[in-house]
Amino acid sequence: MIAIGLVGCSPSFSQIKKQFFIEETNRIDKVDFSFTCKSGVCFIKPAYNQHPLSIYSNQGLDDYAHTFNKEIKNRICDVDLTLHNGKGNDFSTTISSRMFNDEKKSEQKLWKVYLAQNTSYRLDLKYGMEDAHIDLSGLKIENLKIKSGNADVNIGYTSGLSNKVEMDTFYVKVGMGSVNVEQMGLSRSKKVIADVGFGNLSMDFSQVPINKSDISASVGAGNLIIILPEKGVPAIVRVNNSMLCKVRLSNSFHEISDNVFINESYAENADNLLSFNVDVSLGRIVFKETKD
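In this structure, Glu130 sits in the loop between strand S9 (120-127) and strand S10 (131-135). Classification of Glu130 by relative accessible area gives buried; the value is 8%. A polar atom in the side chain of Glu130 sits 3.2 Å from the backbone nitrogen of Gly40.

This paragraph deals with the packing of aromatic side chains. One pass over the structure, following the stated rule, counts 8 aromatic pairs. Seen from their ring centres, Tyr64 and Trp111 are 4.8 Å apart, and the 90° between their planes marks the pair as edge-to-face. Here Tyr64 is found in the loop between strand S5 (53-57) and strand S6 (66-73), whereas its partner Trp111 is found in strand S8 (residues 110-115), with 47 residues between them in sequence. By relative accessible area, which is 3% here, Tyr64 ends up buried. Summarising the aromatic geometry, the rings of Phe276 and Phe287 are spaced 5.0 Å apart at their centres and angled 90° between planes, so their arrangement reads as edge-to-face.

The subject of this paragraph is the nonpolar core. Counting residues in hydrophobic clusters, the biggest one holds 70 residues, and the most contacted among them are Phe33, Phe35, Tyr127, Leu201, Phe276 and Phe287. The residues touching Phe33, leaving out its near neighbours within four places in the chain, are Leu53, Ile55, Val79, Leu81, Val113, Arg122, Leu123 and Asp124.

Okay, unusual backbone geometry next. We note that Asn74 has phi near 55°; this positive angle belongs to a residue other than glycine. Checked against the element boundaries, Asn74 lands in the loop between S6 and strand S7 (76-83). For Asn74, a relative accessible area of 67% translates into the label exposed.

This brings us to the environment of Ser57. Locating Ser57 in the fold gives a position in strand S5. Given a relative accessible area of 0%, Ser57 falls into the buried group. Each C-alpha atom, one on Ser57 and one on Lys109, is 7.4 Å from the other, the two residues being 52 residues apart in sequence. Beyond its immediate stretch of four places on either side in the chain, Ser57 contacts Gln15, Ile16, Lys17, Gln19, Leu110 and Trp111. One polar contact links the side chain of Ser57 to the main-chain carbonyl oxygen of Leu110, over a distance of 2.8 Å.

A few words on the environment of Gln117. In this structure, Gln117 sits in the loop between S8 and S9. The exposure class assigned to Gln117 is partly exposed, which follows from its relative accessible area of 26%. Along the sequence, Gln117 and Pro52 sit 65 residues apart, while their C-alpha atoms lie 8.3 Å from each other. Leave out the neighbours within four places in its chain, and Gln117 touches Pro46, Ala47, Gln50, Gly138, Leu139, Lys140 and Lys164.

Where strands meet in a sheet, backbone hydrogen bonds hold them as pairs that are either parallel or antiparallel. Sheet architecture is open: 12 strands sit in the order S6-S7-S3-S9-S11-S13-S15-S17-S23-S19-S22-S21, paired in mixed fashion. On the outer flanks of this sheet lie S6 and strand S21 (254-257), each paired with one strand and no other. On average, adjacent strands in this sheet sit at an angle of 15° to one another, irrespective of strand direction. Sheet topology note: the strand S19 (residues 235-240)/strand S23 (residues 274-280) ladder contains 6 bridges and is parallel. Note that in S23 the partner of Arg238 across the bridge is Asn277.

Relative to the assigned elements, Ile22 resides in strand S2 (residues 17-22). Here the alpha-carbon distance between Ile22 and His51, two residues 29 residues apart in the chain, equals 6.1 Å.

Applying the stated rule across the entire model yields 6 salt bridges. Asp124 is the salt-bridge partner of Lys126, the closest N and O atoms lying 3.4 Å from each other. When its relative accessible area of 26% is taken as the criterion, Lys126 is described as partly exposed. For Asp168, the salt bridge goes to Lys190, with nearest N and O atoms at 3.7 Å. Of this pair, Asp168 sits in strand S13 (residues 167-174) while Lys190 sits in strand S15 (residues 189-196); the two residues are 22 residues apart in sequence, bridging distant segments of the chain. Owing to a relative accessible area of 29%, Asp168 belongs among the partly exposed residues under this scheme.

Attention now moves to the confidence of the model for the protein chain. In the predicted model, the protein chain carries a mean pLDDT of 86, and the fraction of residues at 70 or more is 86%. Below pLDDT 50 for its whole length, residues 6-14 participates in 25 contacts with residues either more than four positions away or in separate chains.

Glancing now at the state of the cysteines. Counted under the stated rule, the structure contains 0 disulfides. Free of any disulfide, Cys42 has its nearest neighbouring cysteine sulfur in Cys37, separated by 4.9 Å. Since its relative accessible area comes to 1%, Cys42 is described here as buried.

Reading the values: rules and limits
The residue numbers shown here count from 1 along each chain, following its written sequence. For this predicted model, a pLDDT threshold of at least 70 governs which residues receive local features, and a threshold of 80 or more governs which side-chain atom pairs are given and counted, while totals over whole chains, interfaces and linings are taken from all residues. Hydrogens and water are ignored here; the side-chain numbers use all heavy atoms of the structure. In this description a helix means any DSSP run of H or I spanning at least four residues, a strand means any run of E spanning at least two, and both kinds are numbered starting from the N terminus. Summary of the burial criterion: residues with accessible area below 20% of their type's maximum are buried, those above 50% are exposed, and those between are partly exposed, where the area comes from a 1.4 Å probe applied to protein chains only. The definition of a polar contact used here is a pair of N or O atoms within 3.5 Å, where within protein one atom must be able to donate a hydrogen and the other to accept one, and adjacent residues in sequence count solely through side-chain atom pairs. A pair of aromatic rings is counted whenever rings of Phe, Tyr or Trp (Trp by its six-membered ring) have centres within 6.5 Å, and the orientation is called stacked for planes under 30 degrees apart, edge-to-face for over 60 and tilted otherwise. As used here, the term nonpolar core means buried Ala, Val, Leu, Ile, Met, Phe, Trp, Tyr and Cys residues forming a set that is joined through side-chain atoms within 4.5 Å. Pairs of residues are marked as contacts when any of their non-hydrogen atoms sit within 4.5 Å. A pair of strands is labelled paired if DSSP reports no fewer than 2 bridges between them. Axes here refer to lines fitted to C-alpha atoms; in helices the fit is confined to the stretch in contact. Angles between the N-to-C directions go from 0 to 180 degrees. For this analysis, a salt bridge means a side-chain nitrogen from Lys or Arg found within 4 Å of a carboxyl oxygen belonging to Asp or Glu. A residue's pLDDT is simply how confident the predictor is in it, with values from 0 to 100. Any cysteine sulfur atom paired with another within 2.5 Å is treated as part of a disulfide.

Set out below in structure tokens:
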């Protein structure tokens, strides 16, 4: 038996109540979850139970607009949830509240999304404004796409548990906001694609990666910071830059051919080699070490 749907709740800002859910069932092996949160503070973290998806909020169903669609086919549950700006809260109002901090913490919209540790996921996450905090510790994430408009997004593995499966692609796009990825090596991603417009992206590889990874990064007018440990992580960097940009590599890198650099730990056949291909127009790319 399966239960998928909405749960009504009173519009109390002092209590967190369940809004959307998928109960545990033997009919689902994987969840394709497309989630758009246009305003409010959002948390994603491992669940304490085995329900594939549970979403809580301090909002009532009458306090915000949303679209919610689901379909189960071939043991894959396809879920599409969009949380629109709340009633009376348009884009300019949200911008004002962020700039002048005129929204009390007790009045913030909170969204808490819980994912089961025994279910496989393909995640497509889009954030408009405010903050997002994503803890992927010990989950099974096959693909991850994150797009930040003007939001500040923090991603990591708080408990130190790595992804339970090898991730095919980790994709992150930053508009005018900022994204900070900690313990990137624990994602076990084969491919990383980063697209930075005017915002900031920081990716921390200071914990030794488990497997090889190809990282492609494109920077417009923003900033990309790559953090590596002083030793132990082999890396090669290929740069396509312009005269108007800034590219800075740590002292452990040296140039082996035109715009191709390797660090002191580089080994061509290393099992955990990080291969960077970076393209920068007007912005800045910095490779730094944890000692810097």
